Amino acid sequence: MKKTAVFIMMVLALCIFPGTSFAKQQGDSPEIEALRKHVEQIAFKLRDQMSRPDKLRNVHVQKGPDINAFADNKGDITIFTGMIDFVRNEDELATVIGHELAHLSAQHIKRSIGTSILATVAQEAIGGTLGNLAGSALFTKQSRKHEREADRLGMLYMWRAGYDPRLIWKFWTDMDKQMKAGNSKIEKFLSTHPVHSERIENFKVLLVRYCKEFPELNYCPGIMGNEDLIRTFNEFEAR
Ligand SMILES: [Zn+2]
């Protein structure tokens, strides 16, 4: 394999698995183990909603100040203690866990690696030089698609598991505020999960769309009676 291809794959690995030091299976302090159990309990509730529940292998909690979480290609999810401290309640923690579980269920990581290598090969075949694959149009387009899919599926997992999905767009708005206020602990997570107005809007649209599709869901009377949500949905549909 060409040197550039190896380099690009290394860059890519860092993008997909930020902070690759995994939580230890053994030797974690009792506090970390208690947190891990708590996160695992929520993850198991959400797992019942996944189309591929078999894709979740382990749940880790990593001690560290970063407000971060990620899913990896082994089927594990890792939540940093910084994220657990940041969320205001269990519903928000379920939001993060649901999003990461959706990446596993939809097998995004495996698919990203496949497409990226393909892109590398294609670029090399036509003799082009590829500086940073993560910035390539194909990669960006695909990762955005995966983020949207994880948002969409993750919301349904946590909602059906009994959590309040109305908190999701508020949670992401808070993340954005922290970033704008210069909180560096949030950088890693936001580098792979950018917040923009489209993302926030999408969560509002999804609330109404799911209530139209599954009116039996909790909170639907409130959602369908919320003028802001209905207006956002109608404007989106009219485009
Ligand atoms: Zn994501």
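Residues numbered from 1 in each chain as written. Predicted model: local features only at pLDDT ≥ 70, side-chain atom pairs only at ≥ 80, totals over all residues.

Topic: the nonpolar core
Inference 1: Core analysis: the largest hydrophobic core is formed by 50 residues, its most contacted members being Ala43, Leu46, Ile79, Ile97, Leu101, Tyr157 and Leu207.
Inference 2: Leucine 46 has contacts with Ala94, Ile97, Gly98, Leu101, Tyr157, Met158 and Ala161, leaving out every residue within four places of it along the chain. (Core = buried A, V, L, I, M, F, W, Y, C linked by C-beta atoms within 7 Å. Buried ≥ 20, exposed ≤ 12 C-beta atoms within 10 Å, placed from the backbone. Contact = placed C-beta atoms within 7 Å.)

Quick word on helix α2 (residues 30-47)
Inference 1: The first and last C-alpha atoms of α2 sit 25 Å apart over 18 residues, in line with the 26 Å expected at 1.5 Å per residue.
Inference 2: Burial in α2 covers these residues: Val39, Ile42, Ala43, Leu46 and Arg47. Angularly, the buried residues of α2 cover 145° about the axis, an arc narrow enough to put them on a single face. α2 presents Pro30, Ala34, Lys37 and Gln41 as exposed residues on the side facing more than 90 degrees away from its buried surface. (Helix = DSSP H or I, 4+ residues; strand = E, 2+ residues; numbered from the N terminus. Expected span 1.5 Å × (residues − 1). Arc of directions from axis to C-beta.)

Looking at helix α9 (residues 197-213)
Inference 1: Helix length check: α9, at 17 residues, gives a terminal C-alpha distance of 24 Å against a target of 24 Å (1.5 Å per residue), a fit within 8%.
Inference 2: Among all positions in α9, only Asn202, Phe203, Lys204, Leu206, Leu207, Val208, Tyr210 and Cys211 are buried.

Considerations on the sheet that holds strand β2 (residues 69-71)
Inference 1: Across the sheet, which stays open at both edges, the three strands sit in the order β1-β3-β2 with mixed pairing between neighbours. The open sheet terminates on both sides in strands that have one partner only, identified here as β1 (58-62) and β2. Put simply, the sheet's adjacent strands are angled 15° from each other on average, direction ignored.
Inference 2: Judged from the three bridges that link them, β2 and strand β3 (residues 76-80) form a sheet pairing that is antiparallel. Considered in β3, the bridge of alanine 69 is made with isoleucine 79.
Inference 3: Contacts from α2 reach β1 and β3, with the element oriented near 140° to β1. (Pairing = 2+ DSSP bridges. Axes fitted to C-alpha atoms, helices over the stretch in contact; angles between N-to-C directions.)

What to know about unusual backbone geometry
Inference 1: Although it is not a glycine, glutamine 107 adopts a positive phi angle of roughly 55°.
Inference 2: Positive phi outside glycine occurs at tyrosine 219, with the angle close to 70°.

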